Amino acid sequence: RVWVNPKDGWYGKEDLLVKAKRAKKLGMRLMIDFHYSDWWADPGKQVKPAAWKDYNMEQLKQAVANHTKDVLGLLKRNGITPEWVQVGNETTNGMLWPDGGVWIWDENKDGRPNHFDNYAALSNAGYDAVKSVFPKAKVIVHIDNGYNIDAFKRFFGRLKANGGKWDVIGMSLYPSYYEGFDKDKMAACNKFISNCMENIEWIDKTYHTPVMVTEIGMPWDDATT
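Scope of this entry: the structure provided in the associated data block. If you're wondering where the values come from, they're calculated on a predicted model, not measured in any experiment.

Notes on the packing of aromatic side chains
Two aromatic rings, taken as a pair, are described by how far apart their centres are and by the angle between their planes.
At step 1: Under the definition given, this model contains 14 aromatic pairs.
At step 2: When the centroid spacing of 5.1 Å and the interplanar angle of 70° are considered together, the rings of Phe-156 and Trp-166 count as edge-to-face. In this pair, Phe-156 is assigned in helix H4 (residues 149-161) and Trp-166 in the loop between H4 and strand E6 (168-173), connecting sequence segments 10 residues apart.
At step 3: Using a relative accessible area of 12% as the deciding quantity, one classes Trp-166 as buried.
At step 4: The ring of Phe-134 has Lys-76 sitting right over it, with the charged end atom 5.8 Å from the ring centre.
At step 5: Sitting above the plane of the Trp-166 ring, Lys-160 keeps its charged end 5.8 Å from the centroid.

Right under this line is the structure:
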């Protein structure tokens, strides 16, 4: 993962380079995950980098492109080629709020309007920037709740309608954290995994797009998982 201007330097581009060099030395395949934030980005928080907070849409698109090229250019100059690049982390509700915010379950969530056109433009700015540095890299658009086919239908249907581009669809899956797991742990876990597999099959048939579970986890202290 890489953040724009993290306070302590962790997950900044220089820290990313150190880790990418280690991955290359170990013969690992590499995916770069752009958060386009100074800290963690996920469905509950997509905070603009402090340096971008007053930017308009055109400036935000340029900032996304510049940041993406800057980081990937650093890798390229050091002989490192990522196989995949993720343009945004769990962007189920968009990114760079409020300008790129989207709310697939509520058209006007808490008074915040949908900006799927803006989100698509920002995501595409990242996509095009990736291709300008590494034409063969596969660009991932990543949202959470891989078990929820309705969310993927809504999100990628609207992204496609607004001209959004991707090479791979990424999903998060945390099958043992959801409601109902404590009532029947293995049955609930298996149900979420089964739903995720059905979702992957639907994506393949609908978009003919590769799918990656790019984020997954289960409780470390649960012996039954």
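With respect to the side chain of Thr-209
At step 1: One can find Thr-209 in the loop between helix H5 (185-207) and strand E7 (211-216).
At step 2: Reaching out from Thr-209, the side chain makes a polar contact with the backbone oxygen of Tyr-207 at a distance of 3.0 Å.
At step 3: What Thr-209 contacts, discounting residues up to four positions off in sequence, is Trp-166, Asp-167, Val-168, Ile-169, Ile-203 and Asp-204.

Regarding the nonpolar core
At step 1: One finds Leu-72, Phe-155, Phe-156 and Leu-159 to be the most contacted residues of the largest nonpolar core, which totals 53 residues.
At step 2: Discounting residues that sit within four places of it in the chain, Phe-156 has contacts with Val-141, Ile-143, Trp-166, Ile-169 and Tyr-207.

Topic: the sheet that holds strand E5 (residues 138-143)
At step 1: The five strands lie next to each other as E1-E2-E5-E6-E7, forming an open sheet whose pairing is parallel. With partners counted over all chains shown, the strands left at the sheet margins are strand E1 (31-34) and E7, one partner each. Strand-to-strand twist in this sheet, taken as the mean axis angle between neighbours without regard to direction, amounts to 30°.
At step 2: Note that E1 and strand E2 (residues 84-87) share four bridges and pair parallel. Across the sheet, residue Phe-34 finds its bridge partner in E2, namely Val-87.
At step 3: On the sheet, H4 packs against E5 and E6 and is oriented at approximately 130° with respect to E5.

Describing the packing of helix H2 (residues 57-77) against helix H3 (residues 116-133)
At step 1: Relative orientation of the contacting elements H2 and H3 amounts to 25°, with a least axis distance of 8 Å. The angle between the axes of H2 and H3 places the two elements in the roughly parallel class. With respect to the hand of their crossing, H2 and H3 are arranged in right-handed fashion. Across from Met-57, Leu-60, Lys-61, Val-64, Ala-65, Thr-68, Lys-69, Leu-72, Gly-73 and Lys-76 in H2, the residues of H3 making contact are Asn-118, Ala-121, Leu-122, Ala-125, Gly-126, Ala-129, Val-130, Ser-132 and Val-133.
At step 2: Taken together, the residues that form the contact of H2 with H3 break down as 11 nonpolar, five polar and three charged.

Procedures and definitions
Residues numbered from 1 in each chain as written. Predicted model: local features only at pLDDT ≥ 70, side-chain atom pairs only at ≥ 80, totals over all residues. Heavy atoms only, no water. Phe/Tyr/Trp six-rings, centres within 6.5 Å; stacked < 30°, edge-to-face > 60°. Helix = DSSP H or I, 4+ residues; strand = E, 2+ residues; numbered from the N terminus. Buried < 20%, exposed > 50% of the residue type's maximum accessible area, 1.4 Å probe, protein only. Lys NZ or Arg CZ within 6 Å of the ring centre and 35° of its normal. Polar contact = N/O pair within 3.5 Å; in protein donor to acceptor, adjacent residues only side chain to side chain. Contact = heavy atoms within 4.5 Å. Core = buried A, V, L, I, M, F, W, Y, C linked by side-chain atoms within 4.5 Å. Pairing = 2+ DSSP bridges. Axes fitted to C-alpha atoms, helices over the stretch in contact; angles between N-to-C directions. Parallel < 35°, antiparallel > 145°, perpendicular 65-115°, else oblique. Left-handed = near helix turned anticlockwise from the far one by under 90°. Nonpolar A, V, L, I, M, F, W, Y, C, P; charged D, E, K, R; others polar.

By themselves, these are just geometric observations and shouldn't be taken as functional.
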